[in-house]
Amino acid sequence: MKKIACIALLALFFTNCKKNNSEEELKATKEPVPAVSIIKKEKPEELKDKEDCKDIEVEMGAGRECIIASTDLDKAYQNIIKNKEVEETEFYLTTIPTENKSVEVNKNGLISIDYEITKDKVALTMNYEGGVTEVTLEKIKNTIKKSIYHYAD
């Protein structure tokens, strides 16, 4: 008799545990799951400055070409200065000149910076004692092609 009572109590205990687990599972599935977006939303400013870059190998040097979407020559020029994409940007003119110009520097090994301005293109040639760095910004439709080449003498 004691065995039957123990078995009955154990059976009740196990069925009660099983019942509680089922109710908890039901509660969990009945509660709405909050929708969480894992996609990073980019600000319009971030989209404007998207760059598609590739490294270019040149004889006696190295280069990098980038296509910058939805920008203009002035913004691309200012970003080169702000982000110090080449050395000695502190010697750049604060704005793009309207005509060809040469700026004598004679500091940190930089002799001069030559600006060549055309309708949709700005070419800067930085003349060093040990080589040349060329920076070109070219407007192509609504994008800017930025090229930076470093050449050794």
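From a predicted model like this one, the values you see are computed outputs, not experimental measurements.

Rules used throughout
- Residues numbered from 1 in each chain as written.
- Predicted model: local features only at pLDDT ≥ 70, side-chain atom pairs only at ≥ 80, totals over all residues.
- Heavy atoms only, no water.
- Disulfide = S-S within 2.5 Å.
- Helix = DSSP H or I, 4+ residues; strand = E, 2+ residues; numbered from the N terminus.
- Buried < 20%, exposed > 50% of the residue type's maximum accessible area, 1.4 Å probe, protein only.
- Salt bridge = Lys/Arg side-chain N within 4 Å of Asp/Glu carboxyl O.
- Lys, Arg positive; Asp, Glu negative; His and termini not counted.
- Polar contact = N/O pair within 3.5 Å; in protein donor to acceptor, adjacent residues only side chain to side chain.
- Contact = heavy atoms within 4.5 Å.

Here's the deal with the state of the cysteines
Counted according to the given criterion, the structure contains one disulfide. Here Cys-53 is linked by a disulfide to Cys-66, with a sulfur-sulfur distance of 2.1 Å. For the disulfide bridge between Cys-53 and Cys-66, the dihedral angle about the S-S bond is near 110 degrees, and by the sign convention the bridge is right-handed. Taken together, the positions of Cys-53 in strand 1 (residues 51-58) and Cys-66 in strand 2 (residues 61-69) put the pair 13 residues apart, joining distant regions of the chain. Exposure remark for Cys-53: the relative accessible area of 26% places this residue in the partly exposed category. According to the relative accessible area criterion, Cys-66 is buried, its value standing at 2%.

Description of the pattern of salt bridges
The full count for this structure, using the stated rule, is three salt bridges. In this structure, the salt-bridge partner of Lys-119 is Asp-120, at a minimum N-O distance of 3.9 Å.

With respect to the side chain of Glu-88
Relative to the elements of secondary structure, Glu-88 occurs in the loop between helix 3 (73-82) and strand 3 (101-107). Despite its burial, Glu-88 pairs with no opposite charge; the closest candidate is Lys-84, at 9.5 Å N-O. A distance of 2.7 Å separates the side chain of Glu-88 from the side chain of Tyr-128, its partner in a polar contact. Leave out the neighbours within four places in its chain, and Glu-88 touches Asn-108, Leu-110, Met-126 and Tyr-128.

Interpretation note: all reported values are geometric properties and have no functional meaning in isolation.
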